[in-house]
Amino acid sequence: MRRRAGRGEDRSGGRGAVRGAAIAGPVLAALLLAGCSSGPSLETQGEVTAPPGDSHHLVVGSAGFTESDLLAQMYALLLTEAGYSAEILSVANRELYEPALESGQIDVVPEYAATFADWLNAKKNGADAKPVGSPDLDATMKALRGLAAPRGLTVLDPGKAVDQNAFAVTASYAEQHRLKTLSDLGKSGLKVRLAAGDECVQRPYCEPGLKKVYGIDITSVDPKGVGTTQAKKAVQSGQDQMVLTTSTDATLDDFGLVLLKDDKKLQNADYIVPVVNRSRAGSEGVSKALGRLNSVLTTADLASMNEQVDSRRRLPQDVARTYLEDKGLL
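Structural notes, computed from the coordinates. Remember, it's a predicted structure, so these values are computed and weren't measured experimentally.

Structural notes on the nonpolar core
And step 1. Of all hydrophobic cores here, the largest spans 59 residues; its most connected members are Met74, Leu79, Ile106, Leu144, Leu293 and Leu297.
And step 2. Not counting residues up to four positions away in its chain, the partners in contact with leucine 79 are Leu58, Val60, Tyr84, Ala86, Val108, Val286, Ala289 and Leu290.

Here you go:
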């Protein structure tokens, strides 16, 4: 149930050597039809034997929402710093950008390990396939790489940053009941009305998992969406006691909310990973350039950058550049 919906217009490009473009669905679909033959044939799964490519000009894909824009900008800036020419292409959804990545029309995208593993698994084995993403990062990465390689894709190493489902309560509620973790909430015996998406009632990481893993007494799910303003206001007002959001939510402070730690690791390992087209961007040079971000970028850093774009209305390219400069990567 990962959201990853767009939160505003594409604002790629601007300052520096990074150029941006946004392509509408029908246009990109036409490009995919025209260029699909450049990707590896799935009839030869597991037999992608050509040496990793090292194209000088690389296209970095963004899924068009704030966090993806920020990551794409950082990737492009790091590649430019390493001597590559990079431009950003904003594409609305994974159904379009993943085939473009396979065909080489997009060379690099920021992805989420467990979500992308499950997406590729469903693409290969059907929508009802048993999920392969899990809270175990090593197992998730093994499954993801196994699914990506036959499609000519290489999944680079994850860093520290993770954007996964998370649960928040008001700071006053947490203080009153001495809550820091979801385990604390379960032990408290408090009755909880949860603001979330309507699918929460059946998803294992949501209501069933909160009950089974943490023993939280969920009385009902208020179907106001994942991390929406409406859902957060419901918790802020006391109508609901907890909201399903994400670990890099940029606006929790605005509503007086704090996250409760997922101390028993109910949520999947949605660590941020670069995924590249092997024949064009599978080189050690690309891996090293993007890998420099792994030692510095944290979940808190991403939340802060999201807030700067979403609340302070700064441009993603400016926020990304400032961050990399502050960390000594540019």
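Anyway, onward from the coordinates.
Focus on the pairing of strand β6 (residues 165-170)
And step 1. β6 sits mainly inside the fold: six of its six residues count as buried.
And step 2. When β6 meets strand β9 (residues 242-246), the two strands line up antiparallel, connected through four bridges. Bridge pairing in β9 links alanine 168 to valine 243.
And step 3. Examined bridge by bridge, β6 and strand β10 (residues 257-260) share four bridges and lie antiparallel to one another. Across the sheet, the residue bridging to valine 169 is valine 258, located in β10.

Some remarks on the packing of aromatic side chains
And step 1. Taken as a whole and judged by the stated rule, the model has one aromatic pair.
And step 2. Here the aromatic rings of phenylalanine 116 and tryptophan 119 are separated by 6.4 Å at their centres, their planes lie at 15 degrees, and the arrangement is stacked. Note that phenylalanine 116 and tryptophan 119 are positioned in helix α4 (residues 113-125) at a spacing of three residues, about one turn of the helix.
And step 3. Judged by relative accessible area, phenylalanine 116 falls into the buried class, the value being 0%.

Comments concerning unusual backbone geometry
And step 1. At arginine 178, a position not held by glycine, the phi torsion is positive, near 55 degrees.
And step 2. You can call arginine 178 exposed: its relative accessible area is 74%.
And step 3. Residues other than glycine seldom take positive phi values, yet lysine 265 does so here, at roughly 55 degrees.
And step 4. By secondary structure assignment, the location of lysine 265 is in the loop between β10 and β11 (272-277).
And step 5. On the basis of relative accessibility, which here comes to 58%, the residue lysine 265 falls in the exposed class.

Topic: the packing of helix α2 (residues 66-81) against helix α13 (residues 316-326)
The packing of two helices is summarised by the inter-axis angle and the distance between the axes.
And step 1. Following both chains from N to C, one finds α2 and α13 inclined at 55 degrees, their axes separated by 9 Å at the closest point. Regarding the angle of α2 to α13, the classification is oblique. Along this stretch, α2 crosses α13, giving a crossing that reads as right-handed. Side by side, α2 and α13 meet where Asp69, Leu70, Gln73, Met74, Leu77 and Leu78 of the first sit next to Pro316, Gln317, Val319, Ala320, Arg321, Tyr323 and Leu324 of the second.
And step 2. Along the lines of polarity and charge, the residues of the contact of α2 with α13 split into nine nonpolar, two polar and two charged.

Some details on the pairing of strand β4 (residues 108-112)
And step 1. Counting buried positions over the five residues of β4 gives five, a clear majority of the element.
And step 2. Burial along β4 is two-sided: the residues Val108, Pro110 and Tyr112 and Val109 and Glu111 are all buried.
And step 3. For β4 and β11, the ladder comprises five bridges, and the chain directions are antiparallel. Across the sheet, valine 108 pairs through a bridge with valine 276, a residue of β11.

Overview of the packing of α2 against helix α11 (residues 284-291)
And step 1. It is at 9 Å that the axes of α2 and α11 come closest, and there the two elements cross at 125 degrees. The angle between the axes of α2 and α11 places the two elements in the oblique class. Remark: the crossing between α2 and α11 carries right-handed chirality. Contacts from Tyr75, Leu78 and Leu79 of α2 reach α11 at Val286, Ala289 and Leu290.
And step 2. Residues that form the contact of α2 with α11 fall into these classes: six nonpolar, no polar and no charged.

Rules used in this analysis
Residues numbered from 1 in each chain as written. Predicted model: local features only at pLDDT ≥ 70, side-chain atom pairs only at ≥ 80, totals over all residues. Heavy atoms only, no water. Core = buried A, V, L, I, M, F, W, Y, C linked by side-chain atoms within 4.5 Å. Buried < 20%, exposed > 50% of the residue type's maximum accessible area, 1.4 Å probe, protein only. Contact = heavy atoms within 4.5 Å. Helix = DSSP H or I, 4+ residues; strand = E, 2+ residues; numbered from the N terminus. Pairing = 2+ DSSP bridges. Phe/Tyr/Trp six-rings, centres within 6.5 Å; stacked < 30°, edge-to-face > 60°. Axes fitted to C-alpha atoms, helices over the stretch in contact; angles between N-to-C directions. Parallel < 35°, antiparallel > 145°, perpendicular 65-115°, else oblique. Left-handed = near helix turned anticlockwise from the far one by under 90°. Nonpolar A, V, L, I, M, F, W, Y, C, P; charged D, E, K, R; others polar.

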